[in-house]
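Architecture and fold: a report
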Amino acid sequence: GGKKIPGFFLYENDFFAVQIPDGWEKLTSENFESSVFPNVIAAFRSNRRNAFFTANLVVVKNSLEYEIPALDYAKIAYQKMKNELLDFREILVEDVEMRAAGKKEPTLFITMDGKLRADEDIKHFIQTSSVKGRDAFIIIGSRLASQDEGEEEKMETAIRSFEVK
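Summary of the structure given here. What you see is a predicted model, and the numbers here were worked out from it, not measured in a lab. (Residues numbered from 1 in each chain as written. Predicted model: local features only at pLDDT ≥ 70, side-chain atom pairs only at ≥ 80, totals over all residues. Heavy atoms only, no water.)

Right, let's get into the overall build of the protein chain. The number of helices and strands found in the protein chain is two helices and ten strands. Traced from its N-terminal end to its C-terminal end, the protein chain shows the element sequence β-β-β-β-β-α-β-β-β-β-α-β. Computed over C-alpha atoms, the radius of gyration of the protein chain comes to 15 Å, within 12% of the 15 Å expected from 2.2 N^0.38 for 165 residues, which places it in the range of a compact globule. Principal-axis analysis of the C-alpha atoms gives the protein chain an extent of 40 × 35 × 30 Å. Out of the 165 residues belonging to the protein chain, those deemed buried represent 46%. Sequence-distant contacts in the protein chain: of pairs separated by 6 or more residues, those separated by 24 or more amount to 54%. Accessible surface computed for the protein chain: about 8600 Å², of which carbon and sulfur atoms make up 48%. (Helix = DSSP H or I, 4+ residues; strand = E, 2+ residues; numbered from the N terminus. Rg over C-alpha atoms; globule rule 2.2 N^0.38 Å. Buried < 20%, exposed > 50% of the residue type's maximum accessible area, 1.4 Å probe, protein only. Contact = heavy atoms within 4.5 Å. Areas by Shrake-Rupley, 256 points an atom, 1.4 Å probe, with all protein chains shown as cover.)

Below you can see the structure in the form of structure tokens.
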């Protein structure tokens, strides 16, 4: 993960490293309000403000009762999104490998559409996840489905760069 991607900056902490699009800002968890993703440990927001919904990336850290393979966890996390989202539409489910604790583990890279509440616009979500011991990490990008403005590619690059330490 040390290689810098042009147009991105490296953000890292004790748990993970990720390449974030230049100009995006890090939010504190307080100003990232969401009952849907509890346990948010990092959040970033696009510098392209949108009156309705600004594209963002969040990293969630969940504690597991016991260790499970990253791929099994990815399937559980995906099922949860399927259950939570209204007007759910699967776009892509891709088998990928993500780095966790120095080795590559199979997981899923998922793109989907849906909305969290009936009264809101459809969002486009990109998600992948990783497991280290009994810590499970999910990184989720979201934007308005109706407007891309180049955010899609940036979010995908960021999410594919995600690495658990």
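Following the structure, the description resumes.
Quick look at the side chain of Glu151 now. Within the secondary structure layout, Glu151 lies in helix α2 (residues 151–161). Among buried Asp, Glu, Lys and Arg side chains, Glu151 stands out as unpaired, with Lys154 the closest opposite charge at 4.4 Å. Apart from residues no more than four positions distant in its own chain, Glu151 is found in contact with Trp24, Ser46, Arg48, Ala55 and Arg143. (Lys, Arg positive; Asp, Glu negative; His and termini not counted. Salt bridge = Lys/Arg side-chain N within 4 Å of Asp/Glu carboxyl O.)

This part covers the pairing of strand β7 (residues 103–115). As paired strands, strand β6 (residues 86–100) and β7 are joined by twelve bridges and run antiparallel to one another. If you follow Glu90 over to β7, its bridge partner there is Met112. Taken together, β6 and the strand that follows it, β7, pair antiparallel across an intervening segment of two residues, in which Ala101 is found at a positive phi of about 50 degrees. Of the pairings in the sheet, the one linking β7 to strand β8 (residues 123–132) comprises six bridges and is antiparallel in character. Bridging from a neighbouring strand, Gly114 pairs with Lys123 of β8. (Pairing = 2+ DSSP bridges.)

Side chains bearing opposite charge may pair, as long as their charged atoms lie close to each other. For the structure on display, the rule yields 14 salt bridges. Among the salt bridges present, the one from Lys80 reaches Glu84, with a minimum N-O distance of 3.0 Å. Here the residue Lys80 and the residue Glu84 both occupy positions in helix α1 (residues 70–84), the gap between them amounting to four residues, near one helical turn. Residue Glu120 pairs with Arg117 through a salt bridge whose shortest N-O separation is 3.6 Å. Each of Arg117, Asp119, Glu120 and Lys123 takes part in salt bridges that share partners, so that together they form one network.

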